[in-house]
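Take a look at the letters that make up each chain.
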Amino acid sequence: MDSRKIKHQTFTHIPVYSGDVSGAASALYEFGGMTVIHDPSGCNSTYNTHDELRWSKRESAIYISGLRESDAVNGNDDRLINDTVWAALSLEKRPAFIALCNSPVPDIIGTDFHSIAKIIEKKSGIPTFYIRTNAMHDYTHGASNAFYKIAEKFLSPHSAPTSPKHIPSGRIRVSLLGLTPFEYPYDSQVDAIYDLLESNGFEIHANWGKGTAKHPVSFDDIQKAPDADVNLVLSSSGMKAAGFLEAAYGIPYIIGDPLVLKNISDYMSPANGIISNRNVYMQILGESQWKIRNENYPQTAFIGEPVTMGSEAAAYALQHPDRKVRLICTTETTEHLISHEVICPRGEAEIAESIMQMSEIHGDPLMKHATSDGVHGFDPAKQTWVDEPHLAMSGRMFI
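Here's what I pulled together on the structure shown here. The structure displayed is predicted, hence computed values, not measured ones.

**Describing the packing of aromatic side chains**
Part 1: Under the defined criterion, the tally for this structure stands at 12 aromatic pairs.
Part 2: Between Tyr29 and Trp55, the aromatic rings sit 5.2 Å apart at their centres with planes inclined by 70°, giving edge-to-face as the arrangement. Of this pair, Tyr29 sits in the loop between helix H2 (20–27) and strand E1 (34–38) while Trp55 sits in the loop between helix H3 (42–51) and strand E2 (61–64); the two residues are 26 residues apart in sequence, bridging distant segments of the chain.
Part 3: Judged by its relative accessible area of 2%, Tyr29 is buried.
Part 4: Taken together, a centroid distance of 4.7 Å and an interplanar angle of 40° make the contact between Tyr139 and Phe182 tilted. Residue Tyr139 is located in helix H8 (residues 139–155), and its partner Phe182 is located in the loop between strand E5 (172–179) and helix H9 (187–199); the two are separated by 43 residues in the primary sequence.
Part 5: Among the residues examined, Phe182 registers a relative accessible area of 2% and is labelled buried.

Set out below in C-alpha cells:
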C-alpha cells in the first residue's frame, strides 16, 4: 500500500470519532428495546464511560455478550443465543425488540447474525434484528444503520406510494430524525427545538433520537412515523431513515439545524404539496457564497458533522458577507449532505492540511492538534480557533 495513503488513514495526535457500535446503541437507547453488543466485556465500558450521557437520568437495556476467545475460535453461537433470550425474558418489562450489533472479531470470523436474530426471535417471541457494525466506522455510520433497521423491521409497507405525500394546509406534523446526543448533548437543546417549531405552528409528531423529561421518547415514536407530514433531519444519522420514510410513505424531508437556522420553518411550509428545498444549509451557503467563490477573501471554516456544522456555517455566512465560509466534513455519512465545494478529509494528515488553509476555524478543541508530517494544522500565531466541543470527538472533556 502507498505510504501516503497509510499516513492519511492514521491518527497520532487527535482521537478518532466514537465508533459505529456506540452510534447504534445510542440511536436505539430510548425506544424501549434491548441492544446486545457481541464482543468482549471491555467494549461496553467504552460506550458507557465515554459515549453516553444518559445513564444517570434514564436506564436502557444495553448488554455485552462477553465474547471469549474460545467462543470466537469454536463458533459458540449457542451461548450468545441462550444468554440473549434469557436476559430478555428476565427483564421486568418485556423489551419492544432485540437489536444485535458487534465489534471487529465477530465480523472477521463471519458470524451469521441474520440467522442468529431469527433464532432469538423464534425462541423469545420478541422482534429481533441485526445492525451491522464492526468498530471500523464512526458513530454516524452505526446510528444511521440503526435507525434504518428499526424502520425496516417495523414499518415496511406492502407497496411504496406512487406520488408524493399530500401536505395539509393546517398544522403540519413534523418528525425529528437523527436527534442524537452526539450532536445535541444537552436537554435544553432538545426542548428548544420543540419550542421553536411549536411556536411556528408545527406539531412534533415523533422523535427518533434523544428525549427529555418534558418531551420523552418511546417505541410509539417509531410506530407513529408514517403519519408525519414532513421529516426534519437534524444530523447525518437521520438520513437513511429519512430516505426510507420518503420511499415507503412519500414523506418529504428537509435537512438543517433549527437552533442556528431560525428561519428553517420557512422551508417546511408546503408548496404544491412538495417541500421547497431539502438541504437548507447547503442552499443558503450556495446562495450567499457564489459571489466570492473566486476571490481571495479570508476563509472561515466549520469542521465536524455536516448537518450541525453546515448549518452553523450557513448562519455565519449570512451574518458575514465579507468572508468566505467553508464546511470541512470529517464524519463518514455524507450522501445528499455536501456539495463539491465541501472539504472531506480522511485521516489526521488530511484534516491538518485542510485546517492550514483557513484563517478562522470553528470546531472541537482537540482538532487543533491535528498534525501532518510533524506540522500542526493550526498555528495560533496566524489563525483563530473557536472552541465548539463535540461529544463524539472529545467526549466529556469540555461538556
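**Things to note about the pairing of strand E7 (residues 230–233)**
Part 1: Alternating positions in E7 separate into two faces, Val230 and Leu232 on one and Asn231 and Val233 on the other, with burial throughout.
Part 2: Bridge count between E5 and E7: four bridges; the pairing is parallel. Looking across to E7, one finds that Ser175 is bridged to Asn231.
Part 3: Relative to strand E8 (residues 253–255), E7 runs parallel, the two being bridged by three bridges. Paired with Leu232 across the two strands is Ile254, which belongs to E8.

**Some thoughts on the pairing of strand E11 (residues 299–304)**
Part 1: Burial analysis of E11 places six of its six residues in the buried class, which makes it a mostly covered element.
Part 2: Burial along E11 is two-sided: the face carrying Gln299, Ala301 and Ile303 and the face carrying Thr300, Phe302 and Gly304 are both buried.
Part 3: When E11 meets strand E12 (residues 324–329), the two strands line up parallel, connected through six bridges. Across the sheet, the residue bridging to Ile303 is Ile328, located in E12.
Part 4: Judged from the three bridges that link them, E11 and strand E13 (residues 360–363) form a sheet pairing that is parallel. Pairing of Thr300 across the sheet is with Glu360, part of E13.

About the cut-offs
- Residues numbered from 1 in each chain as written.
- Predicted model: local features only at pLDDT ≥ 70, side-chain atom pairs only at ≥ 80, totals over all residues.
- Heavy atoms only, no water.
- Phe/Tyr/Trp six-rings, centres within 6.5 Å; stacked < 30°, edge-to-face > 60°.
- Helix = DSSP H or I, 4+ residues; strand = E, 2+ residues; numbered from the N terminus.
- Buried < 20%, exposed > 50% of the residue type's maximum accessible area, 1.4 Å probe, protein only.
- Pairing = 2+ DSSP bridges.

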